[in-house]
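What follows is each chain in one-letter form.
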Amino acid sequence: MKEENKMSLKELKKFKEENLEVGERAFEVNEGICKDCKEKLVKIVENRSIFDGTISFHIIKLRCLKCGREYLDLDQAEKYDFLLALEKASKKEPLENITKKIVA
């Protein structure tokens, strides 16, 4: 760390401690601006099914209507990663075999 960025103990003692409460939905992203186009993002829901429609996923995204770029919050990104893993697995073997492996 650069010397000019360091604080002395005396300077640190000037700060006061604060308690913060973070709501359970604080990490959801419901609106935004595209970092490329500076346009307002629109919330969309992408519905995807795997295993011949046996399992459905509803992924909530924010999309820029100008450039098409899409954004996900952390929860939706985790869900999307799981969907991609299942899609990859579904190409290799049927749902019945995958279910047996998960249960075992």
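Before any of the text, the structure's been laid out above.
Remember, predicted model here, so these are calculated numbers, not experimental data.

S.K.: It is not clear to me how the overall build of the chain should be interpreted in this structure. Could you clarify?
M.R.: Looking only at helices and strands, the chain has three helices and three strands in total. In the chain, the succession of α and β elements from N to C terminus is α-β-β-β-α-α. Since a compact globule built from 104 residues should have a radius of gyration of about 13 Å, the 22 Å found for the chain marks it as more spread out than a globular shape. Considered along the principal axes of its C-alpha atoms, the chain spans approximately 65 × 45 × 30 Å. When the 104 residues of the chain are sorted by exposure, 17% land in the buried category. Taking the contacts inside the chain whose residues are at least 6 apart along the sequence as the reference set, 40% of them involve residues at least 24 apart. About 9000 Å² of surface is accessible on the chain, with carbon and sulfur atoms providing 52% of the total. Between the centroid of the 22 positive side chains of the chain and the centroid of its 21 negative side chains there is a distance of 4 Å.

Rules of the game
Residues numbered from 1 in each chain as written. Predicted model: local features only at pLDDT ≥ 70, side-chain atom pairs only at ≥ 80, totals over all residues. Heavy atoms only, no water. Helix = DSSP H or I, 4+ residues; strand = E, 2+ residues; numbered from the N terminus. Rg over C-alpha atoms; globule rule 2.2 N^0.38 Å. Buried < 20%, exposed > 50% of the residue type's maximum accessible area, 1.4 Å probe, protein only. Contact = heavy atoms within 4.5 Å. Areas by Shrake-Rupley, 256 points an atom, 1.4 Å probe, with all protein chains shown as cover. Lys, Arg positive; Asp, Glu negative; His and termini not counted. Charge placed at Lys NZ, Arg CZ, Asp CG, Glu CD.

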